[in-house]
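Coordinate inspection notes
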Amino acid sequence: MEKVILYIKSKEDPSSYYRLYQYFYNIPKKKIKIAESVPTWLYRWYYDKSKRGYLEVFLLAAISIVRTLFFFLYDYFIFHAKIVVINRRFFARRCPKILGQILLLYLKKKRVIWDFDDNIILDKEITKYEKKILQQLAEKIIVTGEYLKSTLEKEVWRKVILLPTTDLRLEREDISDWIKRRELLYDHKIRLIWIGSRANLPELEAILPIIERAAEKIRIETGKQVFLYCVCNEKITETFSNIRIINILWSRERAVKCMKQSHIGLMPLKDTSYTRGKAGFKAVQYLSAGIPTIASDVGFNHKVVINGTDGFLVSETEAFKEAIIRLSTEKILWKQMAYQGRKDWEKKFLASKYQSFWINLVYNTNI
């Protein structure tokens, strides 16, 4: 078994964790080195801050670069990995020529596998220079869908493998028990859930007035109270008459705890070049937890949600209102979709299958 070095931002980072870390962290340390450019303490300090100035940005960038270069040296002189797996990029937003030359020297004679799950090229998270290097040197490039594949040069499309993002932990949970517990609460309260980052919070905020109108109708017709879990590193500060908003600071554990109690998952998206490249992970995670999902019909979402079967795909924000009302008042429909969502997840997004894929890809050059 050849040695592998896995470059990620942080095991606390959702992309790093769900795309790669969850599949590799149990491999013996003698065979794999997980190189985090951002240590846990810094990640939590930086991303949980409501306001970040130039000092915080500089500190994060400087430590990230220094740690990445340290892992280059550690691997070159001590670990001697044959395989390099990189999530998203090595150097965020800046890759001057000197760093590019060091990267080229480091990756020489190694098998390189490059994975990313957002439109990091449009977002300029990766520089054109580093993109060129990784496209050239990567043996395989792993992305979530055809749209992200199209952001790469055509001559490297033969290297591309499509692989969605999913959650290995939830595969081991008894979701039927979760659904039964939610069903006991269904006649009295409805819990909506949205999980995301500060950068994506405006997508939810844009439909809050629509959720408010849906909650008002639900309250008048059924007497049910509507709750909204916002699991994020930013709070919703606006208040409403008919929605009780509960802000939860994001962590993987808190997200799972809230999903366990939630009836309906929300994934609103505006249709842009960036969102068309998103992996639909919120919707995947909701379905894995047996949560009927209402998602905008944008990008990869149509590969996740089967409209009318395990949730609703909506093309207009106003359609969220009717979908929320239906799932909050039609108990049989809600229950059917809850169980079907988990079944559909097991067919399309079973995490252990993707874990096997990664292990085979890394250790079998014939894939």
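Before reading further, recall that the structure is shown in the block above.
All values reported here derive from a predicted model rather than from experimental measurement.

Let us look at the packing of aromatic side chains. Considering all chains together, one arrives at 21 aromatic pairs under this definition. Taken together, a centroid distance of 5.6 Å and an interplanar angle of 70 degrees make the contact between Phe72 and Phe90 edge-to-face. Within this pair, whereas Phe72 is found in helix α3 (residues 54-79), its partner Phe90 is found in the loop between β3 (83-87) and α4 (97-107), the two being separated by 18 residues in sequence. You can call Phe72 buried: its relative accessible area is 4%. An angle of 80 degrees between the planes, with centres 5.1 Å apart, marks the rings of Tyr76 and Phe77 as edge-to-face. By the burial criterion, Tyr76 is exposed, and Phe77 matches it.

Within the secondary structure, Glu346 sits in helix α14 (residues 331-348). For Glu346, a relative accessible area of 38% gives the class partly exposed.

A few words on the sheet that holds strand β4 (residues 111-115). Taken together, the six strands give an open sheet; going across it, the order is β2-β1-β3-β4-β5-β6, and neighbouring strands pair in parallel fashion. Looking at the sheet topology across the chains shown, the edges are occupied by β2 (32-36) and β6 (160-162). Looking at each pair of strands side by side, their axes are set apart by 20 degrees on average, direction ignored. Relative to β4, β3 is paired through five bridges, and the arrangement is parallel. Bridging across to β4, Ile83 finds its partner in Arg111.

A few words now on the packing of helix α7 (residues 175-186) against α14. Running from N to C, α7 and α14 point in directions that differ by 165 degrees, and their axes come no closer than 11 Å. Considering the angle they form, α7 stands roughly antiparallel to α14. The two elements α7 and α14 meet at a crossing, and its hand is right-handed. Seen from α7, the contacting residues are Ile175, Ser176, Ile179, Lys180, Arg182, Glu183 and Tyr186; seen from α14, they are Lys331, Trp334, Lys335, Ala338, Tyr339 and Arg342. Of the residues contributing to the contact of α7 with α14, the split by class is six nonpolar, one polar and six charged.

Here the focus is the sheet that holds strand β7 (residues 189-195). Pairing within the open sheet is parallel, and its six strands lie in the order β9-β8-β7-β10-β11-β12. At either margin of the open sheet sits one strand with a lone partner, and together these are β9 (243-249) and β12 (311-314). Each adjacent strand pair in this sheet contributes to an overall mean axis angle of 20 degrees, direction not counted. For strand β10 (residues 264-267) and strand β11 (residues 293-296), the ladder comprises three bridges, and the chain directions are parallel. For Gly265, the partnering residue across the bridge sits in β11 and is Thr293. Here helix α9 (residues 208-222) sits on the sheet and contacts β7, β8 (225-232), β9 and β10; the angle it forms with β9, its principal contact strand, is near 130 degrees.

The contact between helix α2 (residues 40-47) and α3 brings their axes to 11 Å, and the two run at 155 degrees. When the axis of α2 is compared with that of α3, the two are roughly antiparallel. Considering how the two elements wind past one another, α2 and α3 form a crossing that is left-handed. In this structure, α2 uses Trp41, Leu42, Trp45, Tyr46 and Tyr47 to contact α3, whose residues at the interface are Glu56, Val57, Leu59, Leu60 and Ile63. Classifying every residue of the contact of α2 with α3 gives nine nonpolar, no polar and one charged.

Calculation criteria
Residues numbered from 1 in each chain as written. Predicted model: local features only at pLDDT ≥ 70, side-chain atom pairs only at ≥ 80, totals over all residues. Heavy atoms only, no water. Phe/Tyr/Trp six-rings, centres within 6.5 Å; stacked < 30°, edge-to-face > 60°. Helix = DSSP H or I, 4+ residues; strand = E, 2+ residues; numbered from the N terminus. Buried < 20%, exposed > 50% of the residue type's maximum accessible area, 1.4 Å probe, protein only. Pairing = 2+ DSSP bridges. Axes fitted to C-alpha atoms, helices over the stretch in contact; angles between N-to-C directions. Parallel < 35°, antiparallel > 145°, perpendicular 65-115°, else oblique. Left-handed = near helix turned anticlockwise from the far one by under 90°. Contact = heavy atoms within 4.5 Å. Nonpolar A, V, L, I, M, F, W, Y, C, P; charged D, E, K, R; others polar.

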